[in-house]
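Working through the structure, step by step
The chain contents come next:
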Amino acid sequence: MVLIFNWYQCESNVYTLGTIGTHRVVTTKLPSVGRTREAMTAAGNTTTRLLGIFQKVDYVFLVGVGGGVPHYTDYAKHVRLGDVVVSTPASDLNDKYVYIFCEKAERNDKGGYDYEVKPYKPADYLLQDIALRLVNTSVSWNTYVNEGLQRLRGVPGRWEPPEEATDRLCVDVGGGAFIEVSHPLPQGETTRSARVHCAPVAGGRAVASAGEARAAFAAHARALAYDCELDAVLDSVVGNCKDCFISIRGISDYRDGTRGKEWQPHAALAAAAVMKAIIIAMAPPTD
């Protein structure tokens, strides 16, 4: 059975049962997601309660929006609004975490930062392996985006991607000033399509919204997306011995996923489409 935590357009404390491909799924929305520890404690308690009710859950998906980590010169490393980041280990690090939570970031004598972190890694990387195989295959998940747009006709919210001009990339030049710069594009091309990126996802108020610290920690952790603080949720998932879990973030802004509202509906849809593509690619259940 598959468990999906969703952060957009559904009531909290409601469990929805259904089927995706050959897999039975249960989905819910956490009661509150925010920066307070109270909110995340409530989210952790909700997770523990749900996993107690649905004890046959084998796979956990954390699905929602997030803030992208842009690269200002290299298209291959650049994350844009409407893209999706799937939590997978960094290929050049020995520590194969898929989510990393920063509890504290402090300046050191060398001008850099010292971090206090909690890394999370699944016992089984099945979902990450599927995501890595799908990353260069846009057909399936884009098909699910289009299917979602058809199903969501009449549902409040603008589910289509906003105009490309709304995807503004700015550089912090200090003193509260920003300058707008052009997005890097593939060589010889003037347009782009949404992409799926496989990389760690990060969280933590110590770095998620702080300009220099945010960029420094992303580089340190190899993270391509930030989200709200989900350490309590993952503590519950790991504590309940769920070996397969993955975070999927549709990119709605360049901070932590909570700032920009215009792209949130479409980003949430894109994340859900990638989730569906992964579930469809999973082997059928044996029981």
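An unreviewed UniProt entry lists the protein under the name Nucleoside phosphorylase domain-containing protein, with Euphydryas editha as the source organism.

Another aspect to go through is the overall build of the protein. Within the protein, the secondary structure is distributed over seven helices and 13 strands. Relative to the globule expectation of 19 Å for 287 residues, the C-alpha radius of gyration of the protein, 18 Å, shows essentially globular dimensions. Principal axes of the C-alpha set define a box for the protein whose edges measure 55 × 45 × 35 Å. Taking all 287 residues of the protein together, the buried fraction comes to 48%. Within the protein, counting contacts between residues at least 6 apart in sequence, those at least 24 apart form 73% of the total. Working note: accessible area of the protein is about 13,700 Å², and carbon and sulfur atoms make up 51% of it.

Empty space among the atoms becomes apparent when a probe as large as a water molecule is rolled across them. Empty space within the largest pocket amounts to approximately 1,200 Å³. In terms of lining residues, the largest pocket is bounded by 45 residues, among which Val69, Pro70, His71, Arg214 and Tyr254 are the most central. Of all elements in the fold, only strand 8 (169-174), strand 10 (196-199), helix 5 (211-221) and strand 13 (244-253) reach the threshold of two or more residues within the lining of the largest pocket. Ranked by residue count, the leading element in the lining of the largest pocket is helix 5, at six residues. Its residues assigned to classes, the lining of the largest pocket comprises 24 nonpolar, nine polar and twelve charged.

A few words on the nonpolar core. Soluble globular proteins: nonpolar side chains tend toward being buried together. Counting 32 residues, the largest nonpolar core has Ile4, Phe61, Val86, Trp141, Ile248 and Ile278 as the members making the most contacts within it. Broken down by secondary-structure element, the contributors of at least two residues to this core are strand 1 (2-6), strand 4 (59-68), strand 5 (84-87), helix 2 (126-134), helix 3 (138-151), strand 13 and helix 7 (264-281). Among the elements that take part in this core, helix 7 stands out by supplying nine residues, more than any other.

Time to look at empty space enclosed by the protein. All told, the structure shown has one cavity of 30 Å³ or more when counted by the stated rule. If you add up the space inside the largest cavity, you get close to 60 Å³. Lining the largest cavity are Val86, Ala131, Leu134, Val135, Thr137, Trp141, Val196, Val274, Ala277 and Ile278. Mapped by element, the contributors of at least two residues to the lining of the largest cavity are helix 2 and helix 7. Among the elements that line the lining of the largest cavity, the one with the most residues is helix 7, at three residues. Taken together, the residues that form the lining of the largest cavity break down as nine nonpolar, one polar and no charged.

This brings us to the packing of aromatic side chains. In the structure shown here, the tally under the stated rule is four aromatic pairs. On the basis of an interplanar angle of 15° and a centroid distance of 6.0 Å, the ring pair of Tyr113 and Tyr115 is categorised as stacked. For Tyr113, a relative accessible area of 19% gives the class buried. Ring-pair connections join several aromatic residues into one group, and the members of that group are Tyr113, Tyr115 and Phe217. Here the guanidinium or amino end of Arg195 rests over the ring plane of Tyr75, the centre of that ring lying 3.9 Å away.

On to helix 5, then. Here helix 5 has its buried residues at Ala213, Arg214, Phe217, Ala218 and Ala221. What you see down the axis of helix 5 is that its buried residues fit within an arc of 130°, all on one side. Summarising the geometry of helix 5, the exposed residues directed more than 90 degrees from the buried face are Glu212 and Ala219. Tucked inside the fold, the buried residues of helix 5 contact strand 4, strand 6 (99-107), strand 7 (113-120), strand 11 (201-203), helix 4 (205-208) and strand 12 (225-226). Among the residues trailing helix 5, Arg222 stands out with phi positive, at a value near 65°.

Within the secondary structure, Asp58 sits in the loop between helix 1 (37-53) and strand 4. Excluding anything up to four places from it in sequence, Asp58 contacts Met1 and Cys244.

Mapped onto the secondary structure, Val207 falls in helix 4. Placed 105 residues apart in sequence, Val207 and Cys102 show a C-alpha to C-alpha distance of 7.0 Å.

Here we take up the state of the cysteines. Tallied over the entire structure, the rule returns zero disulfides. As a non-bridged cysteine, Cys241 has Cys244 as the owner of its nearest cysteine sulfur, 13 Å distant. Residue classification places Cys244 among the buried residues on the basis of a relative accessible area of 4%.

Interhelical geometry of helix 2 versus helix 7 gives an angle of 110° and a closest axis separation of 10 Å. As summarised for this structure, helix 2 and helix 7 are arranged roughly perpendicular, according to the angle between their axes. Within the contact between the two elements, helix 2 uses Leu127, Ile130, Ala131 and Leu134 and helix 7 uses Ala277, Ile278 and Ala281. Here the contact of helix 2 with helix 7 is built from residues that sort into seven nonpolar, no polar and no charged.

Rules of the game
- Residues numbered from 1 in each chain as written.
- Predicted model: local features only at pLDDT ≥ 70, side-chain atom pairs only at ≥ 80, totals over all residues.
- Heavy atoms only, no water.
- Helix = DSSP H or I, 4+ residues; strand = E, 2+ residues; numbered from the N terminus.
- Rg over C-alpha atoms; globule rule 2.2 N^0.38 Å.
- Buried < 20%, exposed > 50% of the residue type's maximum accessible area, 1.4 Å probe, protein only.
- Contact = heavy atoms within 4.5 Å.
- Areas by Shrake-Rupley, 256 points an atom, 1.4 Å probe, with all protein chains shown as cover.
- 1 Å grid on protein atoms, 1.4 Å probe; cavity = no way out; pocket = protein on both sides within 12 Å on 5 of 7 lines; lining within 4 Å.
- Points joined across faces, edges and corners; volume = space filled by probe spheres on them.
- Nonpolar A, V, L, I, M, F, W, Y, C, P; charged D, E, K, R; others polar.
- Core = buried A, V, L, I, M, F, W, Y, C linked by side-chain atoms within 4.5 Å.
- Phe/Tyr/Trp six-rings, centres within 6.5 Å; stacked < 30°, edge-to-face > 60°.
- Lys NZ or Arg CZ within 6 Å of the ring centre and 35° of its normal.
- Arc of directions from axis to C-beta.
- Disulfide = S-S within 2.5 Å.
- Axes fitted to C-alpha atoms, helices over the stretch in contact; angles between N-to-C directions.
- Parallel < 35°, antiparallel > 145°, perpendicular 65-115°, else oblique.

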